[in-house]
Amino acid sequence: MSVQDDLWFDATKCFIGGTWVAPLGGEYLSLKNPSDGSEIAKIARGKLGDVDAAVLAAKNALTGEWGRMTALERGRILTRIGQLVLERVDELARLEAADVGKPLKQARADAVALARYMEFYGGAADKIHGHTIPYLDGYTVYTLREPHGVTAHIVPWNYPMQIIGRSVGAALTMGNATVLKPAEEACLTALSFAKIAEEAGLPAGALNVVTGLGEEAGAALSSHPDINHISFTGSVGVGSLIQKAAADAIVPVTLELGGKSPQIVFDDADLDAAIPFLVNAGVQNAGQTCSASSRILVQRSIYDKLTEMMAERYRAMKVGPAMDDLDVGPLISARQKEIVEGFVRHAGPARIVAQATVITGAPDGGHYFAPTLYAGIDPDDPLAQNEIFGPVQAIIPFDTEEDAVRIANGTAYGLVASIWTHDGARQMRMAKAIRSGQIFINNYGAGGGVELPFGGVGKSGHGREKGFEALYGFSVLKTVAAHHG
Ligand code: NAD
């Protein structure tokens, strides 16, 4: 079965105001399959004019059918979208696998997560309430949670379905009208999502999708004078540009950026339980995960044992085309492969303890990179400081709890961390001491947990998505003070 069999919509169109339209400029971009380099589809190269039309359609939706809907009605539509996603899980998985290069089972998990976001937020739509506030004699004061208005959603290529679910899903729940700009490298499931939303009866203009380049469609959207909120997931460099655009327009912005997330393993940890989490969190989606665990901090007394246990897993790991559904797929692009190989070249071979195997016969046009495990890495080494965004992990030894905290907090990032120990008091001390948006104890949650508020500190960004917390971020509080005597 080819990808084209799963293209049940016209990928060359943008979705604006409830209709599928060709880009105004009549230009198209080529979408490539990372597993073999072949062209999967042409997509619209949307620009300022297309973004203008999408923002206008969203504004109109706020005063039209969408804006008049009750929270209950919005929730029902989101729930229906979730059901339709589940009915199409297999084809969504195949599209995501072809587009992003992730093994089918991971792509399927992402499709199920998208459905789960819609179920969670569909159910939550009528459960966000205001407050009454005791005030002066003769007054009644209450608060209302209202939508921002038009929300912009700029998402990357690594987890399109999950990021659309958590960001667009939460924004729609609160009654915002959304404009989504997927990444130019992978946007088939964003377009599928629009098609499904249309089928589910989402009113015209509540969701608009404009594909195109970041510096064209993305920049036009983030600097558009009529947007009221920006949700951006992507790199630190572009995040900084987005925050400047938001500052110029004085609109709130949520930035979900990169990470250098540590897992910290103490000598009393259950290593058999830990090992799958330690390794998978580093190589899942070929390490192209914001919350990838690229640093493994291990107490020196178990350093040799743990290193060998991880190395064994690496040696057994197979890399190949997404549709072969092996452990790891290709990187997204030749450019990404060059970046990852650059880190490895610079680090040299001396500290490599194990590598996975790219299967024989993997297509030449694919961007394959064998996951690589380094040990004995100094906390200040580039491998321990920079987000590589590839399947490369660095094992870093430490002696004391204080060392572990210092090393864990010793990068510019703070997205996710995990602590592996059975000492309850140590778990609590570490959870407090580590600067990170999420802390896992004796587990690790790269990507999962729609219910769990997620976001960073430091260069990992600010604002929270996922869970109920996202619903506060995607709404504004209005205070009403009535004097009735
Ligand atoms: P990127 O910043 O290059 O692109 C992300 C999105 O921004 C794309 O849609 C792109 O088209 C758009 N964009 C690019 N330039 C733009 C501009 N000038 N104005 C407006 N939009 C623009 O990031 P990437 O390389 O696609 O993704 C990798 C990065 O994303 C990594 O750093 C990773 O850590 C981060 N990421 C973070 C999370 C998270 O939740 N924290 C999730 C996934 C990825």
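Nothing here was measured: the structure is a model prediction, and the numbers come from that model. (Residues numbered from 1 in each chain as written. Predicted model: local features only at pLDDT ≥ 70, side-chain atom pairs only at ≥ 80, totals over all residues. Heavy atoms only, no water.)

**So, unusual backbone geometry**
At Ala 286, a residue that is not glycine, the phi angle is positive and equals roughly 55°. Mapped onto the elements, Ala 286 comes out in the loop between α11 (271-283) and β13 (295-299). You can call Ala 286 buried: its relative accessible area is 2%. The phi dihedral of Phe 389 is positive, around 60°, even though this residue is not glycine. Relative to the assigned elements, Phe 389 resides in the loop between α14 (382-385) and β18 (392-398). On the accessibility criterion, Phe 389 (17% relative accessible area) is buried. (Helix = DSSP H or I, 4+ residues; strand = E, 2+ residues; numbered from the N terminus. Buried < 20%, exposed > 50% of the residue type's maximum accessible area, 1.4 Å probe, protein only.)

**Quick word on the nonpolar core**
Ranked by size, the top nonpolar core spans 87 residues in total, and within it Ile 81, Leu 188 and Leu 207 carry the most contacts. In terms of residue count, helix α6 (residues 104-124) provides more of this core than any other element does, 8 residues in total. Excluding residues within four positions of it along the chain, Leu 188 makes contact with Val 3, Leu 7, Phe 9, Ala 11, Leu 31, Ile 40, Ala 41, Leu 95 and Asp 99. The next biggest cluster of nonpolar side chains, apart from the first, holds 55 residues, and it includes Val 279, Val 392, Phe 398 and Ala 404. (Core = buried A, V, L, I, M, F, W, Y, C linked by side-chain atoms within 4.5 Å. Contact = heavy atoms within 4.5 Å.)

**What to know about the domain arrangement of the protein chain**
When cut into domains, the protein chain gives domain 1 (3-257 + 463-479) and domain 2 (262-450). When domain 1 packs against domain 2, the two sides together hide about 2,300 Å² of surface, and 56% of this comes from carbon and sulfur. For the pair domain 1 and domain 2, the number of links is 1 salt bridge. With a shortest N-O distance of 3.5 Å, Lys 105 and Asp 325 are connected by a salt bridge. The tally of links from domain 1 across to domain 2 stands at 15 residue pairs in polar contact (both at pLDDT 80 or more). Breaking the side of domain 1 that touches domain 2 down by element, the ones donating at least two residues are α5 (89-100) and α6. With 7 residues, α6 is the largest single contributor of residues to the side of domain 1 that touches domain 2. In terms of residue class, the side of domain 1 that touches domain 2 is built from 13 nonpolar, 7 polar and 9 charged. (Domains from an automatic or database assignment. Buried area = accessible area lost by both parts, 1.4 Å probe. Salt bridge = Lys/Arg side-chain N within 4 Å of Asp/Glu carboxyl O. Polar contact = N/O pair within 3.5 Å; in protein donor to acceptor, adjacent residues only side chain to side chain. Nonpolar A, V, L, I, M, F, W, Y, C, P; charged D, E, K, R; others polar.)

**Section: the pattern of salt bridges**
A complete count under the given rule lists 26 salt bridges for this structure. A salt bridge links Glu 39 to Lys 42; the shortest N-O distance between them is 2.8 Å. Overall, the relative accessible area of 39% leaves Lys 42 in the partly exposed class. Between Glu 198 and Lys 195 there is a salt bridge, with its nearest N and O atoms 3.7 Å apart. Of this pair, Glu 198 and Lys 195 both sit in helix α8 (residues 188-199), 3 residues apart, which is roughly one turn of that helix. With relative accessibility at 32%, the residue Glu 198 sits in the partly exposed group. Taken together, the salt bridges that share partners define one network made up of Glu 27, Arg 45, Lys 47 and Glu 216.

**Some points on the side chain of Ser 294**
Mapped onto the secondary structure, Ser 294 falls in the loop between α11 and β13. A polar atom in the side chain of Ser 294 sits 3.3 Å from the side chain of Lys 260. Leave out the neighbours within four places in its chain, and Ser 294 touches Lys 260, Ser 261, Val 392, Gln 393 and Ala 394.

**Considerations on the state of the cysteines**
Inspection of the entire model under this criterion finds 0 disulfides. Residue Cys 187 stays outside any disulfide, its sulfur separated by 9.3 Å from that of Cys 14, the closest cysteine. The class for Cys 187 is buried, based on a relative accessible area of 0%. (Disulfide = S-S within 2.5 Å.)

**Comments concerning the pairing of strand β10 (residues 229-233)**
In terms of burial, β10 is a largely internal element, 5 of the 5 residues being buried. Taking every second residue as pointing to the same face, both faces of β10 are buried, with His 229, Ser 231 and Thr 233 on one and Ile 230 and Phe 232 on the other. Across 4 bridges, the pairing between strand β7 (residues 150-154) and β10 is parallel. Bridging from a neighbouring strand, Thr 151 pairs with His 229 of β10. Taken together, the 4 bridges between β10 and strand β11 (residues 253-256) define a ladder with parallel strand orientation. Its bridge partner being in β11, Ile 230 is matched across the sheet by Val 253. (Pairing = 2+ DSSP bridges.)

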